[in-house]
Amino acid sequence: MAPFKVIILFQFYPLLLILPFFLQTASTFSHKIPRLSPYHKETLILRNPHDHRFSQSAISKDFKTYFYTQTLDHFNYAPQSFATFKQRYVINYKHWGGPKSNSPILAYLGAEEPLDDDLGVIGFLNDSAPYFKSLSVYIEHRYYGKSIPFGSMEEAMKNDTTRGYFNSAQAIADYAEILLHIKKNLSAHNSPIIVVGGSYGGMLASWFRLKYPHIALGALASSAPILYFDNITPQNGYYSIVTKDFKEVSRNCYQTIRESWAEIDKVASKPSGLSILSQRFKTCSHLNSSGELKDFLDSMYATAAQYNAPPNYPVTMVCKGIDGAPKEADDILGRIFAGVVSFRGNQTCYDTNYYNYPSETSIGWRWQDIKLVLNRFGSNIIFSNGLRDPYSSGGVLEDLSQSVVAVTTTNGSHCLDILPAAKTDPEWLVMQRNTELKIIEGWLTTYYSDLHALKK
């Protein structure tokens, strides 16, 4: 079966994001790798199980929500293009130095989900605000959360016409309008804007800087697989890193996983084989095929690798279960199940559809030579990547110019640098964030120097 393809609609031309295969040899099945999100709730709980700094009550104290009357179509003058919808954005004024000091604006560009969770989980803006005396702005992506045209997601996705307004070019034009609106309302005409995004949002941030350099002074694009398109990077890039992550933690764990695909098919082919698998893996409903179980396991491994963050490191948790399986379960399937329990906890049953349930994100995301362009026309862009993140295989991992720079960490995972700073953060993560802050500070210093010279 061919790899699943996701279309990302950008202004210049449609680009294909290829989602490749994982380490398995017995049979092929469709892989659904984790979406391009800065975080995964399951792994966030593992990272900070007792961290209540970002509860809803704490968030509402500092954040103020607004709605902007947004244009449906920024690029057409047909009558229907002038329709509008309400787009949500949120501002935290707490540390802002104000317009008179030309203090900067850090703007988070929302991606393929409602904005609500981002307010607490995307820590880079608020962690950096005291340092820069910056205003923190979060903007919701059109067609998600409370920013859905046509009244509902169902209506918005109803046909080709309504879906046609759901693309990346329209999204970054939305951000441009809202940011200019904010500057005008706050009389912050000379406040420089730094846009920040993670994963798909990181791609939006880099594209925004390329498309609207007069609006954004610079961009921090975290874990943005901007090169992960057909014929640009290897099609097996994502899962080659998943494989590498598991191999580095435990070669025995990796080998067990590799052998398990054939073992699952072998058991499934026996009389009552699916019943045996359902019992062995304590599935909440009876398996209809071996592919259901393999899909669940495949998604779990990919999620663990993509969000392999300290202090618990999900890949290590999976392998700890596989390598330390109890003697009574000391066969391949028993060890694999022990890995499931280690990662997902001891549950009465395991829902093999856990990674498949539809949401705004899963519905919306399906619809949606670059190095030369970045080198010739790009400036003031940071591409940050953790090399244990499978999506780093499509990321910018080397400096392309003096101001289009790569900041990488050997042990980093997906978008780890823009998540909230924690006391448990290793030194390399602290250094990565500090490097990014210093680069942004350099952009601001040059901007203020140029601004001062113009006023003389």
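Residues numbered from 1 in each chain as written. Predicted model: local features only at pLDDT ≥ 70, side-chain atom pairs only at ≥ 80, totals over all residues. Heavy atoms only, no water.

The name given to the protein in an unreviewed UniProt entry is Lysosomal Pro-X carboxypeptidase-like protein, and the organism recorded there is Rehmannia glutinosa.

At a closest axis distance of 10 Å, the pairing of helix α7 (residues 168-185) and helix α8 (residues 200-211) adopts a crossing angle of 65 degrees. Here α8 runs roughly perpendicular to α7, going by the angle between their axes. When you trace α7 past α8, the crossing you get is right-handed. Side by side, α7 and α8 meet where Ser168, Ile172, Tyr175, Ala176 and Leu179 of the first sit next to Tyr200, Leu204, Trp207, Phe208 and Lys211 of the second. (Axes fitted to C-alpha atoms, helices over the stretch in contact; angles between N-to-C directions. Helix = DSSP H or I, 4+ residues; strand = E, 2+ residues; numbered from the N terminus. Parallel < 35°, antiparallel > 145°, perpendicular 65-115°, else oblique. Left-handed = near helix turned anticlockwise from the far one by under 90°. Contact = heavy atoms within 4.5 Å.)

Turning next to the packing of aromatic side chains. Under the defined criterion, the tally for this structure stands at 18 aromatic pairs. When the ring of Tyr77 is compared with that of Phe82, the centres are 6.5 Å apart and the planes differ by 45 degrees; the resulting orientation is tilted. For the pair formed by Tyr77 and Phe82, the shared burial category is exposed. Note on Tyr354 and Tyr355: the rings are 4.8 Å apart at their centroids and 90 degrees apart in plane angle, and the pair reads as edge-to-face. Among the aromatic side chains, those forming a connected cluster through ring pairs are Phe63, Tyr108 and Tyr138. Geometry around Tyr212 places Lys211 over its ring, the cationic atom sitting 6.0 Å from the centre. (Phe/Tyr/Trp six-rings, centres within 6.5 Å; stacked < 30°, edge-to-face > 60°. Buried < 20%, exposed > 50% of the residue type's maximum accessible area, 1.4 Å probe, protein only. Lys NZ or Arg CZ within 6 Å of the ring centre and 35° of its normal.)

In terms of nonpolar packing, the biggest core is built from 43 residues, with Val137, Tyr175, Leu179, Val195, Phe208, Ile226 and Phe383 touching the most fellow members. The contact partners of Leu179, leaving out residues within four places of it in the chain, are Ala107, Val137, Ile139, Ile193, Val195, Phe208 and Ile215. (Core = buried A, V, L, I, M, F, W, Y, C linked by side-chain atoms within 4.5 Å.)

Within this model, the second largest cavity holds a volume of roughly 40 Å³. Taken together, Ser222, Ser223, Ser384, Asn385, Gly386, Thr409, Gly412, Ser413, Cys415, Leu416, Asp417 and Gln432 make up the full set of residues lining the second largest cavity. A class-by-class count of the residues in the lining of the second largest cavity yields two nonpolar, nine polar and one charged. (1 Å grid on protein atoms, 1.4 Å probe; cavity = no way out; pocket = protein on both sides within 12 Å on 5 of 7 lines; lining within 4 Å. Points joined across faces, edges and corners; volume = space filled by probe spheres on them. Nonpolar A, V, L, I, M, F, W, Y, C, P; charged D, E, K, R; others polar.)

Quick look at the state of the cysteines now. One pass over the structure, following the stated rule, counts two disulfides. Each disulfide pairs two cysteine sulfurs, and for Cys253 the partner residue is Cys319, the sulfurs being separated by 2.2 Å. The S-S bond linking Cys253 to Cys319 shows a torsion near -75 degrees; that makes this disulfide left-handed. Here Cys253 is found in helix α10 (residues 251-268), whereas its partner Cys319 is found in helix α13 (residues 314-323), with 66 residues between them in sequence. Residue Cys319 is classed as buried on the basis of its relative accessible area of 2%. Through a disulfide, Cys284 is tied to Cys349; the S-S separation comes to 2.1 Å. One disulfide, between Cys284 and Cys349, carries an S-S torsion of 90 degrees and so falls in the right-handed class. A residue pair is termed long-range when its members are at least 10 positions apart, and Cys284 in the loop between α11 (273-280) and α12 (290-306) and Cys349 in the loop between α14 (332-344) and α15 (360-365) qualify at 65 residues. According to the relative accessible area criterion, Cys284 is partly exposed, its value standing at 40%. (Disulfide = S-S within 2.5 Å.)

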